[in-house]
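Coordinates in review
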Amino acid sequence: MTQTLLLTIPGEHAGLRLDQSLAALLPEHSRSRIQAWCDAGVVRLEGRPATRKTKVYGGEAVELQVLPHASEQPHRPEAIDLDVIYEDAEVLVVNKPPSLVTHPGAGNWSGTLLNALLHHCPALAELPRAGIVHRLDKDTSGLLVVAKTPQAQACLVRALQARTVRRVYWAVALGRFEQGQGTIEAPIGRHPVQRTRMAVVPDGKPAITHYRVLRQYRSAAWVECRLETGRTHQIRVHLAHIGHPLLGDPVYATHRRAPIRFHRQALHARALALQHPGSGQAMAWEAPPPEDFRQLLEWLETNDPKNRS
């Protein structure tokens, strides 16, 4: 619901910009939010629309419509194409394309997988996070399972916690692996300095990744990873931790030279297996990598000579 505020610019604000004055008068709202209101034309100064840069002199009457923030509004259904791999009355499995955000958040309040799911199945609006029980990073492609009932959602969450859901990824990692396979067991938490990143830290949550090199090239490797846990950025952090960040990773591979430029982290959720939350039947799905990933592998085969390990 939109709230209308009536304010008066104090005399001591003379010479300030309108957004500066309003930020001082409304400390409970951020400067960026106030600027967004000005840009949306919902701030009137002396009865006339005003911009954020309008200079104030003191004594002016301000009428402001307080628009709710996107995070405070119900998520809206959006007609976004979904690649549905499997669906029944209790679960939905989708093949998420790269560049699609899984869940609305800062900077991405619309155009997400969740918005697409609400359009595809309106009843998901009754479930927390529209039935989403695990996520993929925006630029990671591949398989996601979504619950369609509260019972299925609770069952899938328990299965993930019990580590009985099998998730297999394909990745292209930089460098030459000394071993053809291995297990990375290292706790993951927030980076102590760069809070938007994750890192291997002593007080992090337990994290286990199993890897197997499918093909070793001169300067990169095609790797299969199996998650035993599901921490944020787990494969990206773990492979970077052992010296093999993902090709194209804008966060964890910035210091590494790559044989080719790739516009995203080279990571695809290839396979998913679980017990159906209703029937208990063992079910499994696979999704081929998207075109950009296939083209990357073809380029490596041709231009980064193989060195079989």
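To keep things clear, this report deals only with the structure shown in the data block.

What counts and what doesn't
Residues numbered from 1 in each chain as written. Predicted model: local features only at pLDDT ≥ 70, side-chain atom pairs only at ≥ 80, totals over all residues. Heavy atoms only, no water. Helix = DSSP H or I, 4+ residues; strand = E, 2+ residues; numbered from the N terminus. Contact = heavy atoms within 4.5 Å. Core = buried A, V, L, I, M, F, W, Y, C linked by side-chain atoms within 4.5 Å. Buried < 20%, exposed > 50% of the residue type's maximum accessible area, 1.4 Å probe, protein only. Salt bridge = Lys/Arg side-chain N within 4 Å of Asp/Glu carboxyl O. Pairing = 2+ DSSP bridges. Phe/Tyr/Trp six-rings, centres within 6.5 Å; stacked < 30°, edge-to-face > 60°. Polar contact = N/O pair within 3.5 Å; in protein donor to acceptor, adjacent residues only side chain to side chain.

**Considering the environment of Arg76**
- Counting through the fold element by element, Arg76 comes out in the loop between strand S4 (61–66) and strand S5 (84–87).
- It is 9.6 Å that separates the C-alpha atoms of Arg76 and Trp109, two residues lying 33 residues apart in sequence.
- The residues contacting Arg76, other than those within four sequence positions of it, are Asn115 and Leu118.

**Description of the nonpolar core**
- In terms of nonpolar packing, the biggest core is built from 31 residues, with Leu124, Tyr169, Phe177 and Leu239 touching the most fellow members.
- Put simply, the parts of the chain that give this core at least two residues each are strand S6 (91–96), helix H3 (113–120), strand S7 (141–147), strand S8 (166–174), strand S12 (208–216), strand S13 (220–227), helix H5 (234–241) and strand S14 (267–275).
- Residue contacts for Leu239: discarding those within four places in its chain leaves Ala173, Phe177, Ile184, Cys225, His244, Pro245 and Leu246.
- Counting residues in each nonpolar core, the second largest holds 18 residues, with Trp37, Val42, Val43 and Leu64 among its members.

**Focus on H3**
- Here H3 lies mainly inside the structure; six of its eight residues are buried.
- Tucked inside the fold, the buried residues of H3 contact S6 and S7.

**A short note on the pattern of salt bridges**
- Under the definition given, this model contains twelve salt bridges.
- One salt bridge in this structure joins Lys148 and Glu87, with 2.8 Å as the shortest N-O distance. With Lys148 in the loop between S7 and helix H4 (150–161) and Glu87 in strand S5, this pair connects stretches of sequence that are 61 residues apart.
- A salt bridge links Arg218 to Asp304; the nearest nitrogen and oxygen atoms lie 3.4 Å apart. Here the residue Arg218 occupies a position in the loop between S12 and S13, and Asp304 occupies one in the segment after helix H6 (291–303), the gap between them amounting to 86 residues.
- When salt bridges with common partners are traced through the structure, they connect Asp137, Arg236 and Asp249 into a single cluster.

**A look at the sheet that holds strand S2 (residues 43–45)**
- Spatial strand order, S1-S4-S2-S3: four strands in an open sheet with antiparallel pairing. What marks the edges here is a single partner per strand, and that holds for strand S1 (3–8) and strand S3 (48–49).
- Note: S2 against S3, two bridges, orientation antiparallel. Residue pairing across strands places Leu45 opposite Arg48, the latter belonging to S3.

**Focus on the packing of aromatic side chains**
- Considering all chains together, one arrives at three aromatic pairs under this definition.
- Pairing Tyr86 with Trp285 gives two aromatic rings, centres 5.5 Å apart and planes at 45 degrees, and the pair type is tilted. With Tyr86 in strand S5 and Trp285 in strand S15 (residues 282–286), this residue pair connects regions lying 199 residues apart in the sequence.
- Residue Trp285 is classed as buried on the basis of its relative accessible area of 9%.

**Considering the pairing of strand S9 (residues 181–185)**
- Alternating positions in S9 separate cleanly, Gly182 and Ile184 being buried on one face and Gln181, Thr183 and Glu185 remaining unburied on the opposite face.
- Where S9 lies against S12, five bridges are found, and the strand directions are antiparallel. Bridged to Glu185 within S12 is Ile208.

**Overview of the side chain of Gln234**
- Mapped onto the secondary structure, Gln234 falls in helix H5.
- A polar contact of 3.0 Å, which involves the side chain of Gln234, links it to the backbone nitrogen of Arg231.
- Sequence-distant contacts of Gln234, that is, excluding residues within four places in its chain, are made with Ile188, Ala207, Ile208, Thr209, Leu227 and Thr229.

**Concerning the pairing of S12**
- As judged from the seven bridges shared by S12 and S13, these two strands associate in the antiparallel manner. If you follow His210 over to S13, its bridge partner there is Arg226.
- Connecting the antiparallel pair S12 and S13 is a turn made up of three residues.

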